[in-house]
Amino acid sequence: MTNTSDHDEPTGAEAQIQSGEKTLTDGETERLIAEAQETIKLAKAKGRDDIVAQAEAIIDDLTKKHAALEKAHAHLLTDDDKLKAARTNLKAVLEANR
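Participant: I'd like to hear about the overall build of the protein, residue by residue, with values.
Facilitator: A count of helices and strands for the protein gives 3 helices and 0 strands. Listing every helix and strand of the protein by position from the N terminus yields α-α-α. Among the 98 residues that make up the protein, the fraction classed as buried is 17%. For the protein, the accessible surface area stands at approximately 7,600 Å², while carbon and sulfur atoms represent 55% of it.

Below, the structure is given as structure tokens:
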């Protein structure tokens, strides 16, 4: 989906950027990690090493996925900037050739 008009409607990339920013800043990852840490604390107190291991694996997985999302989001921002610059250059070339 591309935005060929001058409306404020976000393009597909812009919508994806907004969604990524919301996901990265909504605090859900941090909340889930805090919950897993609390689970670890309670499981250790009850001698449940199996639950400790599972919760630690969840924290590791969440951390890796969050970092991957941050990296993908940064690449998307860079690519979007390049695309905007290319569009601007294309418009300038088209205008110059009229």
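Read on, since the account is not over.
Participant: So what's going on with the environment of Ala13? Which residues, and what values?
Facilitator: Of note, Ala13 is situated in helix α1 (residues 12-25). When the C-alpha atoms of Ala13 and Asp79 are compared, they prove to be 9.4 Å apart, with 66 residues separating the residues in sequence. Not counting the four nearest positions on each side in its chain, Ala13 is found in contact with Leu76 and Asp80.

Participant: Describe in detail the side chain of His66, supporting the description with residues and values.
Facilitator: Looking at the element boundaries, His66 is found in helix α3 (residues 49-96). Not counting residues up to four positions away in its chain, the partners in contact with His66 are Leu24, Thr29 and Glu30.

Participant: Before we move on, can you summarise the nonpolar core with the specific residues and values?
Facilitator: Counting residues in each nonpolar core, the largest one holds 8 residues, listed as Ile33, Ala36, Ile40, Ala43, Val52, Ala55, Ile59 and Leu62. At the level of elements, α2 (28-45) and α3 are the ones that each hand at least two residues to this core. Not counting residues within four places of it along the chain, the set of residues in contact with Ala55 comprises Ala36, Thr39 and Ile40.

Participant: How would you sum up the pattern of salt bridges? Please name residues and give values.
Facilitator: Under the definition given, this model contains 8 salt bridges. Ionic pairing is found between Glu35 and Arg31, a salt bridge with its closest N-O pair at 3.0 Å. Taken as a pair, Glu35 and Arg31 lie in helix α2 at a separation of 4 residues, close to a single helical turn. You can call Glu35 partly exposed: its relative accessible area is 45%. Residue Arg31 is classed as partly exposed on the basis of its relative accessible area, which comes to 42%. A salt bridge links Arg48 to Asp50, with the shortest nitrogen-to-oxygen separation between them at 2.7 Å. Several salt bridges share partner residues, and in doing so they unite Glu28, Arg31 and Glu35 into one network.

Participant: So, α3: which residues are in play, and what are the values?
Facilitator: In an α-helix, one turn spans 3.6 residues; hence positions three or four apart end up facing the same way. With 48 residues, α3 extends 70 Å from end C-alpha to end C-alpha; this agrees with the ideal 70 Å at 1.5 Å per step. Where α3 is concerned, the buried positions are Val52, Ala55, Ile59, Leu62, His66, His73, Leu76 and Asp80. Where the residues of α3 are buried, they touch α1 and α2.

The rules behind the values
Residues numbered from 1 in each chain as written. Predicted model: local features only at pLDDT ≥ 70, side-chain atom pairs only at ≥ 80, totals over all residues. Heavy atoms only, no water. Helix = DSSP H or I, 4+ residues; strand = E, 2+ residues; numbered from the N terminus. Buried < 20%, exposed > 50% of the residue type's maximum accessible area, 1.4 Å probe, protein only. Areas by Shrake-Rupley, 256 points an atom, 1.4 Å probe, with all protein chains shown as cover. Contact = heavy atoms within 4.5 Å. Core = buried A, V, L, I, M, F, W, Y, C linked by side-chain atoms within 4.5 Å. Salt bridge = Lys/Arg side-chain N within 4 Å of Asp/Glu carboxyl O. Expected span 1.5 Å × (residues − 1).

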